Amino acid sequence: MNKNKIHPMTIIRHVIQLIAFLLIPGLFASTLNALKSLMTMIVTGTFSLSSFVTIIVLLCITMIPTLLFGRFFCGFFCSFGAMQDLLWEISKRTLKIKKKLPQRVDEGLKYVKWIVLLGLVVIWILQIDYANDPWTVFAKYTSLSGWKDGSSFLTWGGFTLIAIMIASLLSERVFCRFLCPLGAIYSLLAGARFFKFVKPHEQCGKCHLCSNQCAMQIDLSDDYVTSGECIECMRCIESCPRHNIQAQPDKRVMTAASVTAIAGLYYVGTVLPTNTSTITTTQVSTKSYTNGTYTGSGQGFRGTTTVKVVVKNNKIASITVTSYQDDKQYFSQAKSSIIPAVISSQSTDASTVSGATYSSKGLIEAIENALSNKSNSSSSTDASSNDSSDASTSSNDSSTNDSSDSSDSSSTSDSLDFKNLKDGTYTGSGTGLRGTTSVKVVVKNKKVQSITVTSYEDDQQYFEAAKSTVIYNIIKAQSLDVDGVSGATFSSNSIKEAVAKALSITYTNPNSSMSDGGEHHHGFH
């Protein structure tokens, strides 16, 4: 056997690792944050459907394929693992390190990752902030924009990352084997995986090449490779001179299926949460703010997040993200949860927002700085003329419902108030600019508690601008007599009509008599 031969599966694995490193370097950190967010949601008793969906999808991206095929995420997709593989290859060619830890020592140290996981769970329960952990610092510096500021290396996470990198030069996959908190969970799931490697012992020689080549230092002397520590790198299969180790199903089929599953679930995770939203009633802060328009900035995952906050009637009326540097798919998920929650609760307390991630924290910090930075305030009249139709989310005081659009409602407030509602879950649909909007309305204690948009056909950027605002105002006022969102009138009216039909309330949708050349003219903003 040619020792210098590079096997096809090795090439495929490294290509997938490179693609994952370039496209989704922060997936490890995001998955761990999803676990943290789920724990926070449980501990604090807060709930947001969009956050919950995001969390579940993020966990499913790696955990479902692990349960079926094993730890392909660790061997093929994890950029933190790819970094260790690269450092070990450099070490083999320069330092010539070949010694491995004694098997008993290695097996004993593998329990340390359970201690790390337990420690994190305790920290999550106690809600202790441990910003700049090593995997987050790593994810930050996987993009060129992250290197604008090297201060993260001076944090505890930065020093830990450097220590892990040095250790990776001395021992293969040292973090994965001994320290990875997700690896502890994956080892349980992978141990019960449906598809395993078969290695008939009676057909083996005495070379032990498979065990010697194992990146996770697993003893492969049994007939089946059942260890949950296996990261499916396939090196044992490729190294066997007798081709005695077989994947069931075939390694190419298994690899293709697992890679497709992870990639497919990742795609779903970037699309589904942005199309699912529920605003639920929460405890509203009694804090009063000074009317005006304020700007502020906060530190996100990859750079600065800047917002504009409008205060009207001494309440936070709208929040507009004017710039950000984080990855779009992660920031969009944070924005869709944070802004409605802050406006709904009239508070920037992170405990009121379930699933606060690093992008979320940067956004919250920007909002807080805006509200405390009175020098950036414009005249209070600006707050009443906020007609932004971009990524902002607005909220108007229902007690001063002075819509300037006379066509926004064609009925009196009395007929649009919620009265004599019966508890239950109802569905309805309304007509927007591009098509139908469908909602689910939950009535509890004879009041509308939540409104979920289940589908819509209007352009996303305009519908999103209308959705959170209109839903919040309807729930707050317990009435359909609320303002729409300037620049998103058609979508606003479609939501109100859908809620009206769900609750069997008479409501005439003004969209039928309005021209699409109005302020909600998609494609010309």
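Structure's up top.
Residues numbered from 1 in each chain as written. Predicted model: local features only at pLDDT ≥ 70, side-chain atom pairs only at ≥ 80, totals over all residues. Heavy atoms only, no water.

Secondary structure summary: the protein chain contains 19 helices and 11 strands in total. Across the 525 residues of the protein chain, 52% fall into the buried class. Here the analysis covers contacts within the protein chain between residues at least 6 apart in sequence; of these, 72% occur between residues at least 24 apart. With the model as given, the accessible surface of the protein chain reaches about 23600 Å², and the carbon-plus-sulfur share is 58%. (Helix = DSSP H or I, 4+ residues; strand = E, 2+ residues; numbered from the N terminus. Buried < 20%, exposed > 50% of the residue type's maximum accessible area, 1.4 Å probe, protein only. Contact = heavy atoms within 4.5 Å. Areas by Shrake-Rupley, 256 points an atom, 1.4 Å probe, with all protein chains shown as cover.)

In this section: the environment of lysine 196. Structurally, lysine 196 can be placed in the loop between helix H11 (181–191) and strand E1 (197–198). Measuring from C-alpha to C-alpha, the distance between lysine 196 and serine 227 comes to 9.5 Å, with 31 residues separating the pair along the chain. Contact partners of lysine 196, with chain neighbours within four places excluded, come to Gly191, Val225, Thr226, Gln246, Ala247 and Gln248.

The next thing to look at is helix H18 (residues 460–477). Across its 18 residues, H18 extends 25 Å between first and last C-alpha, which sits within 8% of the 26 Å expected from 1.5 Å per residue. The buried fraction of H18 is high, at 14 of 18 residues. Just past H18, the residue glutamine 478 takes up positive phi, approximately 50°. (Expected span 1.5 Å × (residues − 1).)

Sheet topology note: the strand E10 (residues 436–444)/strand E11 (residues 447–455) ladder contains 7 bridges and is antiparallel. Directly across from lysine 440, in E11, lies its bridge partner threonine 452. (Pairing = 2+ DSSP bridges.)

Attention now goes to a nonpolar patch on the surface. Together, Ile6, Ile11, Val15, Leu18, Ile19, Leu22 and Leu23 line one region of the surface with nonpolar side chains, adding up to about 710 Å² of accessible area. The class for isoleucine 19 is partly exposed, based on a relative accessible area of 45%. (Patch = residues over 30% accessible without salt bridge, like charges linked within 9 Å, V, L, I, M, F, W, Y side chains within 5 Å. Salt bridge = Lys/Arg side-chain N within 4 Å of Asp/Glu carboxyl O.)

Relative to the helices and strands, proline 65 resides in helix H3 (residues 49–69). The sequence separation of proline 65 and threonine 260 amounts to 195 residues, and the corresponding C-alpha distance is 9.4 Å. Dropping the residues within four chain positions of it, proline 65 is found in contact with Cys60, Gly70, Ala261, Ile262 and Leu265.

Where side chains of opposite charge bring their charged atoms close, a pairing between them can arise. Within this structure, the stated rule accounts for 13 salt bridges. Ionic pairing is found between lysine 92 and glutamate 89, a salt bridge with its closest N-O pair at 3.3 Å. One end of the pair is lysine 92 and the other is glutamate 89, both in helix H5 (residues 79–94) and 3 residues apart, which spans about a single turn. Judged by relative accessible area, lysine 92 falls into the partly exposed class, the value being 34%. For glutamate 89, a relative accessible area of 28% translates into the label partly exposed. Between aspartate 106 and arginine 177 there is a salt bridge; the shortest N-O distance is 2.6 Å. Within this pair, whereas aspartate 106 is found in helix H6 (residues 103–109), its partner arginine 177 is found in helix H10 (residues 174–178), the two being separated by 71 residues in sequence.

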